[in-house]
Amino acid sequence: MKEYLSDVSEVMSSVDSSATGLTSEEAEKRLEKHGKNKLKAAKKDSIFTRFMKQLADPMIIILICAAAVSGIIAVLENESFADVIIILAVVIINAVLGVYQENKAEHAIEALQEMSAATSKVLRNGETVIIKSEDIVPGDIVFLEAGDAVPADGRIIDSASLKIEEAALTGESVPVNKLIDTLYLKENEKDIPLGDRKNMVYMGSTVVYGRGTILVTGTGMDTEMGKIANALTQAEEGQTPLQVKLSQLSKILTYLVLGICVLIFGVQIIRDGVSADTILGSFMVAVSLAVAAIPEGLSMVVTVVLSIGVTHMSKKNAIIRHLTAVETLGCAQIICSDKTGTLTQNKMTVVKSYGDDENLVAESFALCTDAKLAPGKTESTGDPTQTAVVDFAAKLGLPKYELEEQFKRIGEIPFDSMRKLMTTVHENSRDGGFIQHTTGAPDVVIGKCTSVYRNGKIVPMTDEIRAELAAANKGLADQALRVLASGIRKYESAPESFEPADLECDLCFLGLVGMIDPVRPEVKDAIVECRSAGIRPIMITGDHRDTAVAIAKELGIIEEGQYAITGAELSEMDDETFAKEFRNISVYARVQPEHKTRIVNQWRAAGYVTAMTGDGVNDAPSIKSADIGVGMGITGTDVTKNVADMVLADDNFATIVTAVEEGRRIYDNIRKTIQFLLGSNMSEVITIFIATLLGFTVLKPVHLLWINLITDTFPALALGMEKAEADIMQRKPRSAKEGVFAGGMGFDVAYQGLLVSILVLVSYAIGNAMGGGEHGITMAFLTLSMAEIFHSFNLRSQRKSIFTIKSMNKYLTVAAVASFILTTAVCEIPFLANAFQFAHVGIEEYLIAIALGIVVIPVVEIVKLIQRKIAQKRA
């Protein structure tokens, strides 16, 4: 049943209620049937499930397999379980870190959530009682007054100048005047849009003026808000670009390990024949290769780098709910933003006025309102339109509480949508007598004026003046301002009749005010920075087209060749037409929730990484459908915050720019980390592969684990702390299709890995010649460790010379020194050296190993120089 198309008696009958409300017994039965009047929370994964998801990564699975093989070999050969313990420790620590960060983010968002409409006034057993809003049931009669949050969906059965602010649900910033009358469909109209159902109220909206009584027709998930919340489960969640790249990397490493293991196994069988020793030897090589090929520290380092970024952003009011979401925002190409409360302040403000005496105009508007301004306060409370004029007067030195002392109200005619006027009558203690103030729609007020205030005098209204006033009204309206007019009428004694026909005539025109929901002051600069970063903003709003376009032009959202359309026009567009036109559309006005999702999905389908910001319930489905959803922490509804990937604790659009920069910095640093760790692993794989083919052992699994987890991990973490490069917000966003090895990183990993491998094999050969196999292994270990330590400085920039980087990464310096000391300690402290089966090397061998490690810096510097020259020629 469409309650808004039915009269009150029909709706009352459909929910089996009466004018005296429900009985307590009946309400209890309905509560059992319909459930609590609240939205269902999404079921959360258990700690165990989250932990298992962390273990599902292919790289982690290979490590677990490597640990299993190591364990079998340790049992058969009666050797130490050190390799098994170290590998499993890495796996568990990484998984625990991931689960911890997810829980931490969830607790942060829960702290932001606020309860809405805790209690409500309801008619039960024929008496007015206050109950918990969650206990409201269909058929209840609920009383509403200014300031109340609407607790459920309902049909209005009584209204006294009731105005509801539905911005959270419809995106409309101006409160809606509610009525009792049955609505009717217009010709060719299939249904009435949510924002135009003036005889209905909806959960999630707020009463800003007047009072009313509603008959509850829907609670909990059966409300309009509930339907939107339900639709969220139908929106599919995809992987972020970083998750996709790391998944690709995991697959590549998996195939690489398996391929090399098969090759080595075949070579050994051909060379040594089939035997138990050959098979065990092959398994040992497989473990070595698995450990060598897989950057054990990568998942942990990426997790920690992202966690640090998340912590840093939370201090700047951006709370990240999903660990990798900040990276996704860093590569966003499109930001679809709701207007009301996101780009604007969601606060009507007078920005223009017209009239002979601005103070008299402001005084008239302030007195003809029900908004309140408390002494000592700078902002009034009440209906947004009325608070706008009261605040306007206060800024001119006319606070309403002082005006009310001079002009005591003795009567009023409330505003209604038919007259489009409000009138108040006051005792004039300043000049004597009585004065009437009438405000409302300019064309109506002007039509009731017979005189006008000009040059300090009251002069007769003429057709010429009337045309002049109409032009002034049009001038303000053309700026997408909401325009109101004011007129006065003076009396020697109080009027006998307070009927509209008797009072609202023979007025003297005072002036006009133009108001708008102003943009947030920081948004304009934020959008300029987004543009310079190659990010295109799109405005999506439930507001009217003219208002939306005016705001969009002020902010620079609409550029040449771009235009605005309404939700109705979008609905008429078929998919093929929309696919051709969507790139030219920068503003969508009067949209419904399904329109927002369609817009977001169209950009995503075209290959753009898309972000969606907003605060209202109507933003939630599109927020979840977007690559990253950005919710508002203060004005945002619970539904929206729950589905958002990032929540802005200060509701500041400019915070998104900070998130974009941080996301780009983090991604840059993760790429540096990946290059560093993969280069190290590449050198290990090449070294093990060549040594195995030549029939000697150059490094054992425990040596490789030490390098991967100790020597490499600390510098890798430090690279994740690298500051953003100067031009980071002048670059175009990355393509979501860009591979892990894009930008020449694949070549860099290959040649740098080969370079280090050659240095390690040379070091082994020198050590073997000077003192035998154990000396060779020890020197190979030292050279590999030192080369990685020195190479970490090369990775501060992929192409710039390290000698031109002005900033200092203190974390990298500390990490390098720590790794250097630990590497020396494991080789020189007797019980550690024995555990790792290292030989004691002399100072000469030690210095040779270090010298070979340093070679990596000048060689990479030379290659970088050549790469810069090639890039300059191409440019």
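As the structure is a prediction and not an experimental result, all values here were calculated from the model.

(A) Spotlight on the overall build of the protein chain. Counting its secondary structure elements, the protein chain contains 34 helices and 23 strands. For the C-alpha atoms alone, the extent of the protein chain along its principal axes is close to 120 × 65 × 55 Å. In the protein chain, buried positions account for 54% of the 875 residues. In the protein chain, of all internal contacts separated by at least 6 residues, the share reaching a separation of at least 24 is 73%.

(B) Here's a closer look at the pattern of salt bridges. Going through the model one piece at a time under the given rule, you end up with 40 salt bridges. Among the salt bridges present, the one from Glu404 reaches Lys400, with a minimum N-O distance of 3.8 Å. Here Lys400 and Glu404 lie together in helix H15 (residues 400–406), a separation of 4 residues that amounts to about one turn. For Glu404, a relative accessible area of 34% translates into the label partly exposed.

(C) Fine view of the nonpolar core. Leu329, Phe509 and Met646 are the most contacted members of the largest nonpolar core, which totals 80 residues. Here the element with the most residues in this core is helix H26 (residues 654–694); it accounts for 10 residues. In contact with Leu329, other than residues within four places in its own chain, are Ala611, Ile628, Met646, Ile656, Ala659 and Val660. By size, the runner-up hydrophobic cluster in this structure holds 40 residues, among which are Val702, Leu704, Val760 and Ala849.

(D) Fine view of the sheet that holds strand E19 (residues 563–566). With mixed pairing, 8 strands are arranged side by side in an open sheet as E8-E23-E22-E21-E9-E18-E20-E19. In this open sheet, the two strands that pair with only one neighbour each are strand E8 (318–320) and E19. The sheet shows a mean angle of 20 degrees between the axes of neighbouring strands, direction not considered. Relative to strand E23 (residues 646–648), E8 runs antiparallel, the two sharing 3 bridges.

(E) Layout of the side chain of Arg155. Tracing the backbone through its elements, the reader meets Arg155 in strand E4 (residues 153–165). Despite its burial, Arg155 pairs with no opposite charge; the closest candidate is Asp7, at 6.5 Å N-O. Looking at Arg155, its side chain comes within polar contact range of the main-chain oxygen of Ile180, at 2.7 Å.

(F) Spatial organisation of unusual backbone geometry. Of note, Asn188 is a non-glycine position whose phi angle comes to about 70 degrees, a positive value. Taking relative accessible area as the criterion, Asn188 reaches 77% and is therefore assigned exposed. We note that Lys420 has phi near 60 degrees; this positive angle belongs to a residue other than glycine. Judged by its relative accessible area of 41%, Lys420 is partly exposed.

(G) Representation of helix H30 (residues 773–794). With 22 residues, H30 extends 31 Å from end C-alpha to end C-alpha; this agrees with the ideal 32 Å at 1.5 Å per step. Where burial is concerned, most of H30 is hidden: 19 out of the 22 residues are buried.

(H) Looking closely at helix H29 (residues 745–771). The terminal C-alpha atoms of H29, which comprises 27 residues, lie 38 Å apart, in line with the 39 Å expected from a rise of 1.5 Å per residue. Count one or two residues on from H29 and you reach Gly772, which has phi positive near 105 degrees.

(I) Examining the pairing of strand E7 (residues 206–218) more closely. Burial of E7 is extensive: 10 of the 13 residues sit out of reach of the surface. Pairing geometry for E4 and E7, over 10 bridges, is antiparallel. Across the sheet, the residue bridging to Ala160 is Arg211, located in E7.

(J) Molecular detail of the packing of aromatic side chains. Counted by the stated rule, this structure contains 9 aromatic pairs. When the centroid spacing of 4.8 Å and the interplanar angle of 10 degrees are considered together, the rings of Phe696 and Tyr764 count as stacked. Of this pair, Phe696 sits in the loop between H26 and helix H27 (701–711) while Tyr764 sits in helix H29, and the two are 68 residues apart along the sequence. Given a relative accessible area of 24%, Phe696 falls into the partly exposed group. Here Tyr764 falls in the buried class, since its relative accessible area comes to 10%. The rings of Phe578, Phe582, Tyr588, Trp603 and Tyr608 are connected pair by pair, giving a single aromatic cluster. In this arrangement the basic side chain of Lys163 is found over the ring face of Phe415, its NZ or CZ atom lying 5.2 Å from the centre.

(K) Quick peek at the environment of Met1. Tracing the sequence through the fold places Met1 in the segment before helix H1 (8–14). Since its relative accessible area comes to 56%, Met1 is described here as exposed. For Met1 and Ser80, which are 79 residues apart along the polypeptide, the C-alpha to C-alpha distance reads 74 Å. Not counting residues up to four positions away in its chain, the partners in contact with Met1 are Ser6, Glu10, Val11 and Ser14.

(L) Representation of a nonpolar patch on the surface. Taken together, the side chains of Ile64, Leu88, Ile92 and Val96 define a hydrophobic patch exposed on the protein surface, amounting to about 300 Å² of accessible area. If you tally residues by element for the nonpolar patch, the top one is helix H5 (residues 82–112), at 3 residues. Position of Val96 among the secondary structure elements: in helix H5.

(M) Molecular detail of the environment of Tyr209. Within the element layout of this structure, Tyr209 appears in strand E7. Taking relative accessible area as the criterion, Tyr209 reaches 8% and is therefore assigned buried. Note: C-alpha distance between Tyr209 and Arg531 (322 residues apart in sequence) is 40 Å. Setting aside anything within four residues of it in sequence, one finds Tyr209 in contact with Ala146, Ser161, Leu162, Lys163, Asp370, Asp383, Gln386 and Met422.

(N) Quick look at the side chain of Ser120. Its place among the elements puts Ser120 in strand E1 (residues 119–124). Owing to a relative accessible area of 6%, Ser120 belongs among the buried residues under this scheme. Contact partners of Ser120, with chain neighbours within four places excluded, come to Val129, Ile130, Ile131, Ser133, Ile136, Val142 and Pro151.

(O) Spatial organisation of the packing of H27 against H30. In the contact formed by H27 and H30, the axes pass within 11 Å of each other and the chain directions differ by 20 degrees. Accordingly, the angle class assigned to the pair H27 and H30 is roughly parallel. Crossing handedness for the pair H27 and H30: right-handed. Every residue of H30 that contacts H27 at His703, Trp706, Ile707 and Thr711 is listed here: Ile777, Phe781, Leu784, Ser785, Glu788 and Ile789. Of the residues assigned to the contact of H27 with H30, the class counts are 6 nonpolar, 3 polar and 1 charged.

Cut-offs used in this document
Residues numbered from 1 in each chain as written. Predicted model: local features only at pLDDT ≥ 70, side-chain atom pairs only at ≥ 80, totals over all residues. Heavy atoms only, no water. Helix = DSSP H or I, 4+ residues; strand = E, 2+ residues; numbered from the N terminus. Buried < 20%, exposed > 50% of the residue type's maximum accessible area, 1.4 Å probe, protein only. Contact = heavy atoms within 4.5 Å. Salt bridge = Lys/Arg side-chain N within 4 Å of Asp/Glu carboxyl O. Core = buried A, V, L, I, M, F, W, Y, C linked by side-chain atoms within 4.5 Å. Pairing = 2+ DSSP bridges. Axes fitted to C-alpha atoms, helices over the stretch in contact; angles between N-to-C directions. Lys, Arg positive; Asp, Glu negative; His and termini not counted. Polar contact = N/O pair within 3.5 Å; in protein donor to acceptor, adjacent residues only side chain to side chain. Expected span 1.5 Å × (residues − 1). Phe/Tyr/Trp six-rings, centres within 6.5 Å; stacked < 30°, edge-to-face > 60°. Lys NZ or Arg CZ within 6 Å of the ring centre and 35° of its normal. Patch = residues over 30% accessible without salt bridge, like charges linked within 9 Å, V, L, I, M, F, W, Y side chains within 5 Å. Areas by Shrake-Rupley, 256 points an atom, 1.4 Å probe, with all protein chains shown as cover. Parallel < 35°, antiparallel > 145°, perpendicular 65-115°, else oblique. Left-handed = near helix turned anticlockwise from the far one by under 90°. Nonpolar A, V, L, I, M, F, W, Y, C, P; charged D, E, K, R; others polar.

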